[in-house]
2 protein chains.
Amino acid sequence: MTNSAYISGVAMTRFGKQPERTIEQLGREALLKALKDAGIERRDVDEVFCGSLFGGTLIGQRILRDLGMTRIPVTNVENACSSSTTAMREACAAVAVGRAETVLVIGIDQLTRLGGGTIPLEKTDIEVNLGFMMPALYAMRARRYMHETGATSRHLAMVASKAHEAGALNPYAQFQNRVTPEEVLAARMIADPLTLQMCCPTGDGASAAVLTTQKRAAARGKPVRVAASVLQSGLYKTGFRDMASSELTQRTSKLAYESAGVGPEDVDLAEIHDAFTIAEMMYYEALGFCGKGGALGMVERGDTSLGGVKPVNPSGGLLCRGHPVGATGVAQICEAVWQLRGEAGKHQVEGAKVALTHCTGGGISGLDHGACAVHILMT
Amino acid sequence: MTNSAYISGVAMTRFGKQPERTIEQLGREALLKALKDAGIERRDVDEVFCGSLFGGTLIGQRILRDLGMTRIPVTNVENACSSSTTAMREACAAVAVGRAETVLVIGIDQLTRLGGGTIPLEKTDIEVNLGFMMPALYAMRARRYMHETGATSRHLAMVASKAHEAGALNPYAQFQNRVTPEEVLAARMIADPLTLQMCCPTGDGASAAVLTTQKRAAARGKPVRVAASVLQSGLYKTGFRDMASSELTQRTSKLAYESAGVGPEDVDLAEIHDAFTIAEMMYYEALGFCGKGGALGMVERGDTSLGGVKPVNPSGGLLCRGHPVGATGVAQICEAVWQLRGEAGKHQVEGAKVALTHCTGGGISGLDHGACAVHILMT
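My aim in this report is to walk through the structure given alongside it, one point at a time. Bear in mind the structure is a predicted one, so any value in this text is a computation, not a measurement.

**What about the overall build of chain A?**
Reasoning step 1: Helix and strand counts for chain A stand at 13 helices and 11 strands.
Reasoning step 2: Expected size for 379 residues packed as a compact globule is a radius of gyration near 21 Å; at 19 Å, chain A falls within 12% of this value.
Reasoning step 3: Projecting the C-alpha coordinates of chain A onto the three principal axes gives extents of approximately 55 × 45 × 35 Å.
Reasoning step 4: Per-residue burial over chain A gives 67% buried out of 379 residues.
Reasoning step 5: A sequence separation of at least 24 residues applies to 78% of the contacts in chain A between residues at least 6 apart.
Reasoning step 6: Of the roughly 12,300 Å² of accessible surface on chain A, 51% is carried by carbon and sulfur atoms.
Reasoning step 7: In chain A, 38 positive and 38 negative side-chain charges are present, and the distance between their average locations comes to 4 Å.

Quick look at the structure:
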């Protein structure tokens with residue numbers, strides 16, 4: 001596949017609890033700002049994709065209607081936490097195949113009003129129905145990872161502290177306060193060894209991106225190329241072998257590196273799915289940033305902090321920017337684009353030329369995820 | 001866009017009330033039969049799209065998991081009644097852009113267990129919240145159409161009777177009984193002038209199609225080409241002007257005819273969205289099968305009956321085959337493929353070479369729909 005899609009505009013709302021607004025209002029805010037960023041009008045949009053888990057039927061059309069953006073193809077996509085990055089992939093295909101010249105992608109969810117912290121799973125999923133929810137699952141994975149690598153609770157706390165350092169610099173982040181590793185360790189226990197700040201919050205928000213052809217994007221000044229857009233599903237293995245690693249993320253990112261013609265060593269910054277701090281550490285390894293157990297050293301040395309050799313989640317990540325499920329994937333794209341343009345403000349990674357985003361979610365029966373999407377963006 | 005996608009296999013479950021099964025079981029039945037029809041194995045599928053309104057998160061992955069069909073991209077699509085035809089369109093793009101060689105599309109819903117007859121609409125939709133549900137809306141449109149054209153309740157009853165004539169010949173249909181126009185007129189009134197048999201039923205079912213390249217499809221013997229795959233959204237007009245016509249269906253089908261290089265006169269059979277008998281009559285006109293008011297004559301002459309000059313819904317349509325929302329679009333594709341292959345059995349349209357399918361749904365605030373998809377298939 002020729003990856004000929006370019007990003008000419010991005011925007012997002014601030015993430016956080018916003019029950020006083022409607023979900024459509026959140027979407028319209030992100031949409032209008034993204035069009036402005038791309039320097040285009042509503043009538044210039046040929047097609048729209050909307051990714052959401054809890055938005056309900058025709059969420060895209062409901063956002064567009066009051067803006068008079070009618071009479072165009074609108075497709076709603078659901079893939080749990082990867083809903084809007086899956087929508088991104090379809091938008092890339094629409095541009096690549098010549099079906100549309102300007103495509104808008106929206107990511108959105110509002111957990112204070114719709115859905116909630118628990119994904120509605122099938123009744124036959126015995127493990128989840130017996131209480132094996134996400135925090136419990138990641139707590140068990142953390143314990144296994146600690147057993148295998150010698151990691152301690154302090155490493156998990158340092159990841160949270162790093163996220164807050166970045167989040168404090170991001171005006172769109174749900175949490176903008178700094179916390180020390182000691183404060184993280186002293187916080188309320190959610191699922192041992194995961195304390196409150198080691199788990200991402202729920203919240204509301206929307207994000208949007210404008211995809212277009214190389215020619216049209218060039219007019220924007222700083223076009224960003226989608227060098228890879230890869231989606232994969234998990235093995236759905238049951239049982240608990242290899243629970244301290246992520247085969248799905250490893251496989252998906254490998255395909256993305258091949259598609260973009262780069263390797264993990266070329267990545268200047270990454271936005272990854274740190275729903276729990278242990279997840280971030282496992283993904284360092286799955287994404288090829290280090291070998292098995294290498295995440296400990298990366299955390300200890302501050303490699304993945306802002307200013308480190310391999311900044312991860314300079315936005316604050318899911319832990320601090322927040323995680324309104326469907327909105328997260330395109331919010332990662334927003335951050336990557338701002339970084340590549342040199343417009344990330346106080347959380348800028350200097351000289352960034354290659355950015356990777358990673359979303360994965362929808363756990364069913366244990367360790368695996370239903371949808372993992374990795375994008376690689378380049379200037 | 002080069003429409004290079006071909007259909008090499010199709011299948012569906014019988015439609016109807018099947019609360020004793022899980023939705024995943026319904027999906028697996030259609031999926032496995034479609035693979036068999038295409039002459040391929042599970043491992044040959046490169047990518048999957050699943051269209052559903054009420055299926056819930058990761059419905060596609062949940063269907064695939066127990067079949068061991070993992071480690072491939074899976075995308076779930078929602079567009080109300082047009083969910084699985086929207087998924088079809090994305091599958092066509094995936095093949096056309098060279099992202100995948102063999103793509104499986106599933107359409108599914110199970111209204112006896114999940115969701116229901118009423119689409120969950122936003123709380124701000126005042127008209128629907130005051131009782132302006134689909135049957136009420138179509139009853140009003142019917143009254144207006146009768147006023148404008150001179151149509152009578154008998155015409156509406158004749159459309160239902162025609163649907164039952166076809167459904168009686170279709171082993172997959174929810175209703176397989178014949179009814180006379182007199183019986184339709186004497187049935188329980190749902191929303192005057194629409195009686196019970198003038199409204200489609202709710203039910204459960206799944207449908208599946210295998211899309212692939214021309215080369216691979218040719219190996220199947222009777223490949224069917226997707227000559228047009230068009231999606232549009234409505235105007236979302238409020239108020240009640242032009243309520244006896246469908247601008248959205250007219251616009252979408254016009255684009256589809258242009259894409260396929262054919263006109264309404266070339267269509268040998270059509271599967272259209274007859275959620276109510278009045279809708280079928282309006283769509284004859286919107287699809288260009290006749291001019292304004294021409295539907296009366298078509299019904300009176302039996303033009304759209306099996307054996308008529310322009311057979312419409314030889315499957316029995318939504319009225320008789322049934323309407324498990326997300327499953328309907330790909331079920332129309334199944335019928336079109338069987339007709340073009342000459343495999344439709346007792347409801348075969350002899351010598352069919354061009355088939356049109358039309359799905360439209362997701363009414364918000366009155367007359368317009370959120371998503372209309374028209375496909376044109378050719379041998």
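**Some points on helix α1 (residues 23-38) of chain A**
All names here are of chain A.
Reasoning step 1: Across its 16 residues, α1 extends 23 Å between first and last C-alpha, which sits within 8% of the 22 Å expected from 1.5 Å per residue.
Reasoning step 2: When α1 is considered as a whole, its buried residues turn out to be I23, E24, L26, G27, R28, A30, L31, A34, L35, D37 and A38.
Reasoning step 3: Along its buried surface, α1 packs onto β1 (6-12), α2 (59-65), β4 (102-110), β7 (204-212) and α13 (325-341).
Reasoning step 4: Downstream of α1 by a residue or two, G39 has a phi angle that is positive, lying close to 70°.

**Description of the relation of the copies chain B and chain A**
Reasoning step 1: The two copies are related by a screw operation: chain B maps onto chain A through 180° of rotation and 0.0 Å of translation along the axis, at an RMSD of 0.0 Å. What we have between these two chains is a two-fold relation.
Reasoning step 2: Counting the interface residues of chain B, we find that 100% of their copies in chain A are interface residues as well, pointing to one common contact surface.

**Quick word on the interface of chain B and chain A**
Reasoning step 1: Residue-level contacts link 46 residues of chain B with 46 residues of chain A.
Reasoning step 2: Buried area between chain B and chain A, both sides added, is near 4,100 Å², and the carbon and sulfur share of it is 54%.
Reasoning step 3: The three residues of chain B that bury the most area against chain A are T57(B), R65(B) and R71(B), which together make up 16% of that side's buried surface.
Reasoning step 4: Taken together, chain B and chain A are joined by 24 residue pairs in polar contact (both at pLDDT 80 or more).
Reasoning step 5: If you list the elements that add at least two residues to the side of chain B that touches chain A, you get β2 (47-51), α2 (59-65), β3 (74-78), α3 (83-96), β8 (224-232), α9 (247-260) and β11 (369-378) of chain B.
Reasoning step 6: Taken together, the residues that form the side of chain B that touches chain A break down as 19 nonpolar, 15 polar and 12 charged.

**Observations concerning the packing of α3(B) against helix α13 (residues 325-341) of chain B**
Residue and element names in this part refer to chain B.
Reasoning step 1: One way to put it is that α3 packs onto α13 with a least axis distance of 5 Å and a crossing angle of 55°. When the axes of α3 and α13 are compared, the pair comes out oblique. Across the interface between the two elements, S83, S84, T85 and M88 from α3 touch G326, A327, T328, G329, V330 and I333 from α13.
Reasoning step 2: Broken down by class, the residue content of the contact of α3 with α13 amounts to four nonpolar, six polar and no charged.

**Considerations on the pattern of salt bridges**
Reasoning step 1: All chains considered together, the criterion is met by 48 salt bridges over all chains.
Reasoning step 2: When the shortest N-O distance is used, the salt bridge between E247(B) and R71(A) registers 3.8 Å. Of this pair, E247(B) sits in helix α9 while R71(A) sits in the loop between α2 and β3 (74-78), on two different chains.
Reasoning step 3: Its relative accessible area of 24% is what places E247(B) among the partly exposed residues.

**Regarding unusual backbone geometry**
Reasoning step 1: A cis amide bond, omega 10°, links D192(A) with the succeeding residue P193(A).
Reasoning step 2: Counting through the fold element by element, P193(A) comes out in the loop between β5 (189-191) and β6 (194-195).
Reasoning step 3: Positive phi values are uncommon outside glycine, yet R71(B) reaches one of about 60°.
Reasoning step 4: Of note in this structure, A80(B) is not a glycine but carries a positive phi near 55°.
Reasoning step 5: Within the secondary structure layout, A80(B) lies in the loop between β3 and α3.
Reasoning step 6: Exposure remark for A80(B): the relative accessible area of 0% places this residue in the buried category.

**Side note on the pairing of β7(A)**
Residues and elements named next belong to chain A.
Reasoning step 1: Burial of β7 is extensive: nine of the nine residues sit out of reach of the surface.
Reasoning step 2: In β7, alternate side chains face the same way, and those of D204, A206, A208, V210 and T212 on one face and G205, S207, A209 and L211 on the other are all buried.
Reasoning step 3: Of the strand pairs in this sheet, β1 and β7 are connected by six bridges, and their pairing is antiparallel. Its bridge partner lying in β7, I7 is registered against L211.

**Let's talk about helix α11 (residues 294-301) of chain A**
Residue and element names in this part refer to chain A.
Reasoning step 1: Residues of α11 that are buried include every one of A295, L296, G297, M298 and V299, and no others.
Reasoning step 2: On its buried face, α11 sits against α5 (134-149), α6 (153-167) and α10 (277-286).
Reasoning step 3: Where α11 ends, the next residue or the one after it, G302, has phi of about 75°, a positive value.

**A look at the packing of aromatic side chains**
All names here are of chain B.
Reasoning step 1: Throughout the structure, instances matching the rule amount to four aromatic pairs over all chains.
Reasoning step 2: Ring geometry for Y138 versus F276: centroids 4.8 Å apart, planes at 20°, classification stacked. With Y138 in helix α5 (residues 134-149) and F276 in the loop between β9 (269-271) and α10 (277-286), this pair connects stretches of sequence that are 138 residues apart. Of the two residues, Y138 and F276, neither departs from the other in class, the shared state being buried.
Reasoning step 3: Relative to W338, the ring of Y172 lies with its centre 5.3 Å away and its plane at 10°, an arrangement referred to as stacked. Placement of the pair is Y172 in the loop between α6 (153-167) and α7 (181-186) and W338 in helix α13, with a sequence separation of 166 residues.
Reasoning step 4: Judged by relative accessible area, W338 falls into the buried class, the value being 10%.

Reading the values: rules and limits
Residues numbered from 1 in each chain as written. Chains lettered and ligands numbered in written order. Predicted model: local features only at pLDDT ≥ 70, side-chain atom pairs only at ≥ 80, totals over all residues. Heavy atoms only, no water. Helix = DSSP H or I, 4+ residues; strand = E, 2+ residues; numbered from the N terminus. Rg over C-alpha atoms; globule rule 2.2 N^0.38 Å. Buried < 20%, exposed > 50% of the residue type's maximum accessible area, 1.4 Å probe, protein only. Contact = heavy atoms within 4.5 Å. Areas by Shrake-Rupley, 256 points an atom, 1.4 Å probe, with all protein chains shown as cover. Lys, Arg positive; Asp, Glu negative; His and termini not counted. Charge placed at Lys NZ, Arg CZ, Asp CG, Glu CD. Expected span 1.5 Å × (residues − 1). Least-squares fit on C-alpha atoms with pLDDT ≥ 70 in both. Buried area = accessible area lost by both parts, 1.4 Å probe. Polar contact = N/O pair within 3.5 Å; in protein donor to acceptor, adjacent residues only side chain to side chain. Nonpolar A, V, L, I, M, F, W, Y, C, P; charged D, E, K, R; others polar. Axes fitted to C-alpha atoms, helices over the stretch in contact; angles between N-to-C directions. Parallel < 35°, antiparallel > 145°, perpendicular 65-115°, else oblique. Salt bridge = Lys/Arg side-chain N within 4 Å of Asp/Glu carboxyl O. Pairing = 2+ DSSP bridges. Phe/Tyr/Trp six-rings, centres within 6.5 Å; stacked < 30°, edge-to-face > 60°.

Functional significance is not addressed by these values, which are geometric in nature.
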